[in-house]
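Each chain, letter by letter, is given below.
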Amino acid sequence: MTLATALLSAGCTVSPAELSAASTPTSTPTTAATPPTAATPPAANFPDMVQTIHQQVNEFRRSQGLAPLSLQPLMSAEARQHSEAMAQAGGLSHDGFSQRVAAIRQTLPLRSAAENVAFNSGFEDPAAQAVEGWKQSPGHRQNMLGDFSQTGIGIAQDAQGQYYFTQLFGEL
């Protein structure tokens, strides 16, 4: 089995001023995924994987003297939709980040927001692998350790079995 993982070169963030400006951040993936095929991937337990990511990110924050993040259902729904879109497209992106933030702001008064994305395949624990990759990447690490209190986590899988992860961060 091939082990592969990819992250965008830096996490995506938006400042309070940018939240009201509705600008769209752009990023270039470091690697392109193969488009999905008709093969059916093995069943994944996404709720358990979400809990793994949430727990590991909070453990990492605690180890750095920071408060844990609350898992926010609306933010998780937006993150899940983005992961599904990436799995459908077969590649990583922050496309639509400003729109995700705007949708969340319809209900939650976010002052700042950030996003990490990743995909991988072939790992026994793909969720833990995504977190480890984010910890090793300066931009993603900065988002994980940022001044945030809320998070949303979404996971999808393409027909080839590759996992796509989105973690949104927000401060109210």
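Quick caveat: nothing in here was measured; it's all calculated off a predicted structure. Counting from 1, residues in each chain are numbered in the order their sequence is written. Predicted model: local features are reported for residues with pLDDT of at least 70 only, side-chain atom pairs are reported and counted for 80 or more only, and whole-chain, interface and lining totals are derived from all residues. Side-chain measures were taken over the full set of non-hydrogen atoms in the model, leaving aside hydrogen atoms and water.

Here we come to the overall build of the protein chain. Broken down by element type, the protein chain carries 6 helices and 6 strands. What makes two residues a contact is simply this: any of their non-hydrogen atoms within 4.5 Å. Residue pairs at least 24 apart in sequence account for 76% of intrachain contacts in the protein chain once pairs closer than 6 positions are excluded. Surface summary for the protein chain: the accessible area is close to 8000 Å², and the carbon and sulfur share equals 51%. Secondary structure elements follow DSSP: runs of H or I no shorter than four residues count as helices, runs of E no shorter than two count as strands, and numbering proceeds from the N terminus. Accessibility throughout is a Shrake-Rupley quantity obtained with a 1.4 Å probe, and a residue counts as covered only by protein chains that appear here.

Here the focus is the pairing of strand E6 (residues 163–171). Here the term buried applies to any residue with accessible area under 20% of the maximum for its type, exposed to any over 50%, and partly exposed to those in between, with areas from a 1.4 Å probe on protein chains only. The element E6 is largely enclosed, with a buried count of 9 among its 9 residues. Burial along E6 is two-sided: Tyr163, Phe165, Gln167, Phe169 and Glu171 and Tyr164, Thr166, Leu168 and Gly170, pointing in opposite directions, are all buried. As paired elements, strand E4 (residues 112–121) and E6 share 9 bridges and run antiparallel to each other. Counterpart to Val117 in the pairing with E6 is Thr166. The pairing criterion is simple: DSSP has to find at least two bridges between the two strands. Bridge count for strand E5 (residues 150–157) against E6 is 8 bridges, and the pairing is antiparallel. In the strand pairing of E6, Gln150 is matched with Gly170. Between E5 and E6, which pair antiparallel and follow one another directly, the connecting turn spans 5 residues, one of which, Gly161, has a positive phi of 90°.

In terms of burial, E4 is largely enclosed, as 10 of its 10 residues are buried. Of the two faces of E4, the one lined by Ser112, Ala114, Asn116, Ala118 and Asn120 and the one lined by Ala113, Glu115, Val117, Phe119 and Ser121 are each fully buried.

Here the focus is the confidence of the model for the protein chain. A residue's pLDDT is the confidence the predictor assigns to it, expressed on a 0 to 100 scale. Mean pLDDT over the protein chain works out to 84, with 75% of the residues at or above the 70 mark. The low-confidence segment residues 19–40 (pLDDT under 50) makes 49 contacts with residues lying over four places distant or belonging to another chain.

What follows deals with the nonpolar core. Counting residues in hydrophobic clusters, the biggest one holds 19 residues, and the most contacted among them are Ile53, Trp134, Met144, Ile155 and Phe165. Of all the secondary-structure elements, those providing two or more residues to this core are helix H2 (46–63), E4, helix H5 (126–136), E5 and E6. When residues in this core are grouped by element, the largest group, 5 residues, is from H2. Apart from the residues within four sequence positions on either side, Met144 is in contact with Val57, Phe60, Arg61, Asn116, Val131, Trp134, Lys135 and Phe169. Among the nonpolar cores identified, the runner-up in size contains 9 residues, and Met75, Ile104, Leu108 and Leu110 belong to it. Residues enter a nonpolar core if they are buried and are Ala, Val, Leu, Ile, Met, Phe, Trp, Tyr or Cys, with the set joined through side-chain atoms within 4.5 Å.

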